[in-house]
Structure formats: structure tokens, C-alpha cells
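What follows is each chain in one-letter form.
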Amino acid sequence: MKIKKLALAIAAISSTAIFCSSASAKEIEGNIALSSEYVFRGISQSDEDPALSGGFDYGFDNGVYLGIWGSNVDFGSESNTSTEIDLYAGYAFDLTDNINLDLSAVYFVFPDETDELNYSEYIATLGVGNASFGLVFSPDYLGSDAAAIVVNADYSFSLTSALSLDLHVGYTVTDDEDDLSFEDDDDDYVDYSIGLSAPFKGVDLSLTFHNTDIDSGDLEDLADERVVFSIAKSF
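Residues numbered from 1 in each chain as written. Predicted model: local features only at pLDDT ≥ 70, side-chain atom pairs only at ≥ 80, totals over all residues. Heavy atoms only, no water.

Undergrad: It is not clear to me how the environment of threonine 114 should be interpreted in this structure. Could you clarify?
TA: As for its placement among the helices and strands, threonine 114 is situated in the loop between β7 (99-109) and β8 (119-128). Residues threonine 114 and asparagine 80, spaced 34 residues apart in sequence, show a C-alpha to C-alpha distance of 9.3 Å. (Helix = DSSP H or I, 4+ residues; strand = E, 2+ residues; numbered from the N terminus.)

Undergrad: Is there a simple way to think about unusual backbone geometry in this case?
TA: Note: most peptide bonds trans; most residues except glycine with negative phi. The backbone phi angle of arginine 41 is positive, close to 50°, even though this residue is not glycine. Here arginine 41 lies in the loop between β2 (39-40) and β3 (43-44). Exposure remark for arginine 41: the relative accessible area of 15% places this residue in the buried category. Positive phi values are uncommon outside glycine, yet aspartate 112 reaches one of about 70°. Topologically, aspartate 112 is positioned in the loop between β7 and β8. (Buried < 20%, exposed > 50% of the residue type's maximum accessible area, 1.4 Å probe, protein only.)

Undergrad: It is not clear to me how the side chain of aspartate 191 should be interpreted in this structure. Could you clarify?
TA: Mapped onto the elements, aspartate 191 comes out in strand β12 (residues 188-200). In this structure, aspartate 191 is buried with no salt-bridge partner, the nearest side chain bearing the opposite charge being arginine 41 at 6.3 Å. Of note is the side chain of aspartate 191, whose polar atom sits 2.8 Å from the side chain of histidine 168. Discounting chain neighbours no more than four positions away, the residues touching aspartate 191 are Arg41, Gly42, His168, Val169, Gly170, Tyr171, Asn211 and Thr212. (Lys, Arg positive; Asp, Glu negative; His and termini not counted. Salt bridge = Lys/Arg side-chain N within 4 Å of Asp/Glu carboxyl O. Polar contact = N/O pair within 3.5 Å; in protein donor to acceptor, adjacent residues only side chain to side chain. Contact = heavy atoms within 4.5 Å.)

Undergrad: Would you mind going over the pairing of β8 with me for this structure?
TA: If a strand is regular, its side chains alternate between the two faces of the sheet. Two elements, β7 and β8, share ten bridges in a ladder whose sense is antiparallel. Note on β8: the bridge partner recorded for serine 104 is isoleucine 123. Across seven bridges, β8 lies against strand β9 (residues 131-138) in antiparallel orientation. Following the sheet pairing, tyrosine 122 is matched in β9 by phenylalanine 137. (Pairing = 2+ DSSP bridges.)

Undergrad: What is the right way to look at the nonpolar core in this model?
TA: As a rule of thumb, soluble globular proteins bury nonpolar side chains together. If you look at the biggest cluster of nonpolar residues, it comprises nine residues: Val106, Phe108, Phe110, Tyr119, Ile123, Val136, Tyr141, Ala148 and Val150. The set of elements that each furnish at least two residues to this core consists of β7, β8 and β10 (148-158). One finds Ile43, Tyr189, Leu219 and Ala223 within the second-largest nonpolar core, a separate group that totals five residues. (Core = buried A, V, L, I, M, F, W, Y, C linked by side-chain atoms within 4.5 Å.)

Undergrad: Help me out: how do you make sense of the pattern of salt bridges in this one?
TA: A side chain of one charge can pair with a side chain of the opposite charge if their charged atoms are brought near each other. Scanning the model with the defined rule gives four salt bridges in all. For glutamate 37, the salt bridge is made with arginine 226, and the minimal N-O distance between the two is 2.5 Å. With glutamate 37 in the loop between β1 (25-35) and β2 and arginine 226 in strand β14 (residues 226-234), the pair connects residues that are 189 residues apart, well separated along the chain. Pair check on accessibility: glutamate 37 and arginine 226 agree, each one buried. Among the salt bridges present, the one from glutamate 48 reaches arginine 226, with a minimum N-O distance of 3.1 Å. A residue pair is termed long-range when its members are at least 10 positions apart, and glutamate 48 in the loop between β3 and β4 (51-60) and arginine 226 in strand β14 qualify at 178 residues. Where salt bridges share partners, they join Glu37, Glu48, Asp224 and Arg226 into one cluster.

Put into C-alpha cells, the structure is as follows:
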């Protein structure tokens with residue numbers, strides 16, 4: 001299938017870019033955030049409850065980086081986990097003064113689920129000025145036997161010296177909806193968001209409207225329109 005042929009190409013490019021370089025230490029950075037809800041690709045991961053998240057990145061002079069990020073999650077009574085941990089590695093580099101490319105791999109871990117939900121993604125993101133365009137492949141999306149591809153676009157621009165408008169649209173295509181929680185009409189879906197963000201007394205504040213075109217099935221209530229407020233700090 002076309003989705004799997006494209007997947008092999010993405011995986012090969014990402015793996016080569018991440019591990020081919022020798023690295024020299026540069027810096028470590030951390031982040032922490034409190035949000036009214038954890039939303040991922042338009043779908044609530046915290047059952048519409050607040051989420052505390054945070055992580056660390058370790059960067060190198062040659063563009064290679066490693067990181068870990070975690071958040072509380074709530075997948076309902078049928079799930080044993082209350083935590084998501086993301087392990088990732090990548091390679092970011094400039095193509096021109098205004099264009100950059102970031103190739104990465106992420107492994108999503110959900111403790112206490114005996115590997116049932118754990119899955120991986122391979123990601124290529126092209127940055128052009130204030131815009132970015134991403135292509136994501138997962139061979140086992142959401143811990144299933146189904147492959148998926150996600151394409152997305154983001155754009156951010158300043159409304160004032162402190163206030164930014166952040167726009168996002170994404171399109172998720174799954175290979176086999178029978179292994180996922182999507183209905184027949186929603187195995188491919190669009191998510192989008194519009195947000196405002198600004199620094200305030202040493203922290204970053206954001207208010208974001210999220211929505212999808214999912215209108216049936218188990219995910220309908222977790223994928224409808226919602227507004228999320230976040231306060232974050234980097235260090």
C-alpha cells in the first residue's frame with residue numbers, strides 16, 4: 001500500500017539523520033506546563049481534565065538532540081495508565097538562512113499498559129520563516145497494528161510586540177480503522193486550532209481553540225470544539 005511505501009522512506013531518512021553524526025555537548029533545557037486539558041491532534045488525552053506536563057532536552061552543537069517529556073493522561077476505565085512518557089531524538093539543521101529541517105523519532109510509552117498502547121512515530125518538519133510543515137509516519141499508531149500518516153501546517157505571527165496568533169491544521173490518515181477507535185467515516189480526520197500566546201512575568205500564557213471534523217463514534221465527545229488555557233515555563 002502507498003502508506004507503507006512512504007513510511008519506509010521516512011523511517012530510513014529519519015534514522016540516518018539521527019544517528020550518523022558524532023556529537024559534542026551543547027546545553028540542557030527544561031520545561032513545565034499546567035494546562036486546563038491535554039489535547040493531542042485535536043483529541044483530549046486527559047478526559048477533559050487538567051494536565052501537568054514537563055520535560056528535558058539535551059542538545060549538541062551539530063544539531064542532534066535527545067529528550068524526554070511526560071504528562072498525566074486519562075483514557076477511561078478500560079485503561080490502567082495515568083501517565084504518558086515520550087522519548088525522542090532528532091537532528092535539526094539549516095538549509096538556508098530562512099529554511100530549516102528537523103528529522104526526529106518519538107517513542108510513546110504508557111506505563112502499566114504492558115506495552116499495549118506504546119507506539120513510535122517518525123517525523124520530518126520543514127520550517128520556513130514563521131511557518132512549519134510536518135510529515136509524520138507511525139507503523140503502529142496508538143498502539144495498534146494500523147499504520148498512519150499525519151500531515152500538518154502551523155503558522156505564527158505577531159499581533160503586537162508581545163502577543164502572537166498561532167494557527168494549526170492537521171490531517172490524519174489511518175491504514176486500518178478496525179484496530180482504532182475511529183468510525184468508518186472518521187478513520188481520516190482533520191484537526192485545527194487557533195491560539196493566542198504571550199509572555200507574562202517570566203511565564204508563557206496561551207489560550208487555544210481546538211476542533212476536529214470527527215462527528216461520530218467513541219471519540220466524538222473528546223474531539224469536539226474546546227478551549228484550552230496553558231501556563232508554561234522554560235528553564
